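Take a look at the letters that make up each chain.
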Amino acid sequence: MLNTAPDTGDNALVALDAQTGAFVWQISLDSYGDLLASESAVSIQHNDSNGYLLLDPNTGITRTVISTVTGALLVGNQLYVREQLSNNLVAYDAETGGQLWLVSAPSDSVLVAANASRVLTFQQYDYGIGDQTNLLSVYDSGGNPLGDVTLTTVPETPRVVLWDNTLYYLYV
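Quick summary incoming for the structure in this document.

Cut-offs and rules
Residues numbered from 1 in each chain as written. Predicted model: local features only at pLDDT ≥ 70, side-chain atom pairs only at ≥ 80, totals over all residues. Heavy atoms only, no water. Helix = DSSP H or I, 4+ residues; strand = E, 2+ residues; numbered from the N terminus. Buried < 20%, exposed > 50% of the residue type's maximum accessible area, 1.4 Å probe, protein only. Contact = heavy atoms within 4.5 Å. Areas by Shrake-Rupley, 256 points an atom, 1.4 Å probe, with all protein chains shown as cover. Pairing = 2+ DSSP bridges. Axes fitted to C-alpha atoms, helices over the stretch in contact; angles between N-to-C directions. Phe/Tyr/Trp six-rings, centres within 6.5 Å; stacked < 30°, edge-to-face > 60°. Salt bridge = Lys/Arg side-chain N within 4 Å of Asp/Glu carboxyl O. Core = buried A, V, L, I, M, F, W, Y, C linked by side-chain atoms within 4.5 Å.

1. Points about the overall build of the protein chain
Secondary structure summary: the protein chain contains zero helices and 16 strands in total. Looking at the protein chain as a whole, 41% of its 172 residues are labelled buried. A separation of at least 24 residues holds for 27% of the contacts in the protein chain among residues at least 6 apart in sequence. When the accessible surface of the protein chain is summed, it comes to about 9,400 Å², and 49% of that surface belongs to carbon and sulfur atoms.

Put into structure tokens, the structure is as follows:
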């Protein structure tokens, strides 16, 4: 029988045991957004820092705050983010919060998918200047660029799933 989740009021993140429903931990939040989780960490968008909190999944204790970033993907022990004020794609160790690598990515690109061996960014073409190139850039898990795929038929951000070594790409 599952226990009842605690009544936390507003702005709290609660961890419950998925098998029993038992309360594990809770933290109060002053601002929040995207919620990501892996076996190594929990990450939540933190609007006050314009970034993400990196939390211990067992205790909810904040390991680090990664500020001034847009978009994040948490895969295993790596948190991938795009720096807001540069064109950098950055990987952090999800357990320590330490930076693993940094690489320049295409201007105004966004993170779209990642797995244990690949990270993908997407740059939508600019209607204002007539640039008709959509660019899907592929990096390995060490930040090394593997190549770009030019897409000329998609006018908006693609729906992408990266599983194992296959990229599933939905044209809409």
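Next comes the rest of the account.
2. Comments concerning the sheet that holds strand β8 (residues 78-83)
Pairing in this open sheet of four strands is antiparallel, and the strands run β7-β8-β9-β10 from one edge to the other. Lying at the two open borders of the sheet, with one neighbouring strand each, are β7 (69-75) and β10 (99-104). In this sheet, neighbouring strand axes are inclined to one another by 20 degrees on average, regardless of whether the strands run parallel or antiparallel. Relative to β10, strand β9 (residues 88-93) runs antiparallel, the two being bridged by five bridges. Across the sheet, the residue bridging to Val-90 is Leu-102, located in β10.

3. Examining the packing of aromatic side chains
According to the stated counting rule, one finds one aromatic pair in the structure shown. Residues Tyr-80 and Trp-101 carry aromatic rings whose centres are separated by 6.0 Å and whose planes lie at 45 degrees to one another, so their mutual orientation is tilted. Separated by 21 residues along the polypeptide, Tyr-80 in strand β8 and Trp-101 in strand β10 bring together distant segments of the chain. You'll find Tyr-80 and Trp-101 in the same group, each marked buried.

4. Some remarks on the side chain of Thr-121
If you trace the backbone, Thr-121 turns up in strand β12 (residues 118-123). Thr-121 has contacts with Leu-89, Pro-106, Ser-109, Val-110, Leu-111, Val-112, Leu-135, Leu-136, Ser-137 and Tyr-139, leaving out every residue within four places of it along the chain.

5. Thoughts on the environment of Leu-89
Here Leu-89 is to be found in strand β9. Among the residues examined, Leu-89 registers a relative accessible area of 0% and is labelled buried. For the pair Leu-89 and Ser-104, spaced 15 residues apart in the sequence, the C-alpha separation amounts to 6.1 Å. Apart from the residues lying within four places of it in its own chain, the contact partners of Leu-89 are Val-81, Arg-82, Trp-101, Leu-102, Val-103, Ala-105, Leu-111, Val-119, Thr-121 and Tyr-139.

6. A closer look at the pattern of salt bridges
Pairing is possible between side chains that carry opposite charge, provided their charged atoms lie close to one another. On inspection of all chains with the given rule, the structure shows one salt bridge. Close ionic contact of Asp-56 with Arg-63 constitutes a salt bridge, the shortest N to O distance being 3.2 Å.

7. Brief notes about the nonpolar core
Leu-36, Ile-66, Ala-72, Leu-74, Leu-79, Val-81 and Tyr-92 are the most contacted members of the largest nonpolar core, which totals 13 residues. Every element with two or more residues in this core is listed here: β5 (51-55), β7, β8 and β9. With three residues, β7 is the single largest residue contributor to this core. If sequence neighbours within four positions are ignored, Ile-66 has contacts with Ser-49, Gly-51, Tyr-52, Leu-79, Val-81 and Tyr-92. Ranked by size, the runner-up nonpolar core spans 11 residues in total, among them Leu-73, Tyr-80, Trp-101 and Val-103.

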